[in-house]
Amino acid sequence: MKIVGCDLHAKQQAIAMVDTETGEFTEKTLAHEGNQVREFYAALAGRVAVGIEATGAMQWFLQLMEEFGIECRVGHPAKIRAKETRKQKHDRRDARLELELLIEDRFPTIWMPSTEQRDLRTLLRDRHQWVKMRTRVQNTLQAIALNHALRYGRALWSPAGQKALQALALSRYTSQRRDELLHLYVQLQKRIQELDWQVEEEAKQRPQTLRLLTHPGVGPITALATEVFLGDPSRFANGKNVASYIGMIPCEHTSGKRQRLGKLTKEGNSLLRFLWTEATIHAVRKDPELKRFYRRKLIQKGMGKARIAAAHKLGIRLWIMLRDQIDYKEFCRRGQQRQCGEAHAGMPNYNSGPALQ
């Protein structure tokens, strides 16, 4: 068996390889231009295991390993680096470290999404980018309208509001800017509607997403994103692990008897964290238990922290529905059957108020 530690970069990769049968050790650097990488891995005979650090430009390499039938393990960069005690870092040392961890079975492998999940993630990220561009255009047009005493608010995007904005008497360059932005807004709106339709069609074909859609306030985008970004729900031991994975837990610096909690870690997926927070606005209006929880936190912590706390609870609810493969009605039924006590993992306790029918 050949074990390869690979320090992957954008233009090249450093390799440390050992053959467990002969004991032969090899080190080299492969440039990504040309066919040097493909020829090297294609020439490896027998069983091969490769270990790399997770990086944003690794998808082509994973596809190449899959094409050759080579086992490729992706490791957590921070955990790999934490296992190196020396304050020296260069490509060859990194490759040797990964090789050493693979041989000693200490390589911190992380979960990787399937090809289908990666493709759906691309769809969701693509839509989010277009929405952010539309928001910037809307903010600019609102500023133009407010500077000329046109106070329509959200109604500015209605046909009447668009007509009023177009009718404003503006100077030459401001008029030119308004016309171009309005034209761009129409194009962005059309593209986002196309992507929304694609997301809805994907959601209809996925049973897990359909289960999440039964929760009040959760739409196709949030439901699909929850499924594809969380992946296999059984890999999380509890709700705290889910919140930590998404980055919805506070930073902590505790020493002795003094506990210090800071801002959110935000180490997880920013898009899913954003979608959960946005969905919370609608969920607290339709779910009685979540509404009571939000109002209680609103009094205790203020609007910002209350919204994050409700989004945290909503996200764990969705994870439970994925893990147990249940819909919202069954989720509520289980909550009603619970005895009075401390709720866990986002499970609602309906003993404190009227039960849902």
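Calculation criteria
Sequence order as written defines the numbering, with residues in each chain counted from 1. For this predicted model, a pLDDT threshold of at least 70 governs which residues receive local features, and a threshold of 80 or more governs which side-chain atom pairs are given and counted, while totals over whole chains, interfaces and linings are taken from all residues. Working from all heavy atoms in the structure, the side-chain values ignore hydrogens and water. For two strands to count as paired, DSSP must find a minimum of two bridges between them. Note on conventions: DSSP H or I runs of at least 4 residues are helices, E runs of at least 2 residues are strands, and numbering of each starts at the N terminus. Between the N-to-C directions of two axes lies an angle of 0 to 180 degrees, each axis being a line fitted to C-alpha atoms and, for a helix, fitted only over the stretch in contact. Given the number of residues in a helix, its expected span is that number minus one, multiplied by 1.5 Å. A residue's bend is given by the angle between axes fitted to the 7 residues ending at it and the 7 residues starting at it. For each residue, the accessible area found with a 1.4 Å probe, counting protein chains only, is set against the maximum for its type, and the residue is called buried under 20%, exposed over 50%, and partly exposed in between. Only heavy atoms matter for contacts: two residues are in contact if any of them lie within 4.5 Å across the pair. By the criterion applied in these results, polar contacts are pairs of N or O atoms within 3.5 Å in which, for protein atoms, one can donate a hydrogen and the other can accept it, and in which residues neighboring in sequence qualify only through two side-chain atoms.

Student: Go over the sheet that holds strand E5 (residues 71-75), please, and point to the residues and values.
Tutor: Here five strands make up an open sheet; going across it, the order is E3-E2-E1-E4-E5 and the pairing mixed. Strands at the two margins of the open sheet, each flanked by one partner only, are strand E3 (25-31) and E5. Each adjacent strand pair in this sheet contributes to an overall mean axis angle of 20°, direction not counted. Both strand E1 (residues 2-8) and strand E2 (residues 12-19) contribute to a ladder of seven bridges, which runs antiparallel. Counterpart to Val-4 in the pairing with E2 is Met-17.

Student: Give a description of helix H11 (residues 270-286) that names residues and reports values.
Tutor: With 17 residues, H11 extends 25 Å between its outermost C-alpha atoms, agreeing within 8% with the 24 Å of an ideal straight helix rising 1.5 Å per residue. Approximately 35° is the largest bend angle found in H11, and it occurs at Thr-280. Regarding H11, the residues found buried are Leu-271, Leu-272, Arg-273, Leu-275, Trp-276, Thr-277, Ala-279, Thr-280, Ala-283 and Val-284. Along its buried surface, H11 packs onto helix H5 (115-147), helix H9 (220-230), helix H10 (239-246), helix H12 (288-301) and helix H13 (303-324). Structurally, the start of H11 carries an N-cap: the backbone nitrogen of Leu-271 is 3.2 Å from a side-chain oxygen of Asn-269.

Student: Lay out unusual backbone geometry in plain terms, naming residues and giving numbers.
Tutor: Unlike most non-glycine residues, Asp-105 shows phi in positive territory, near 55°. Summarising the element assignment, Asp-105 is placed in the loop between helix H4 (91-103) and H5. Overall, the relative accessible area of 61% leaves Asp-105 in the exposed class. Positive phi, normally seen in glycine, also occurs at Gln-325, with a value near 55°. Within the element layout of this structure, Gln-325 appears in the loop between H13 and helix H14 (328-337). For Gln-325, a relative accessible area of 51% puts it in the exposed group.

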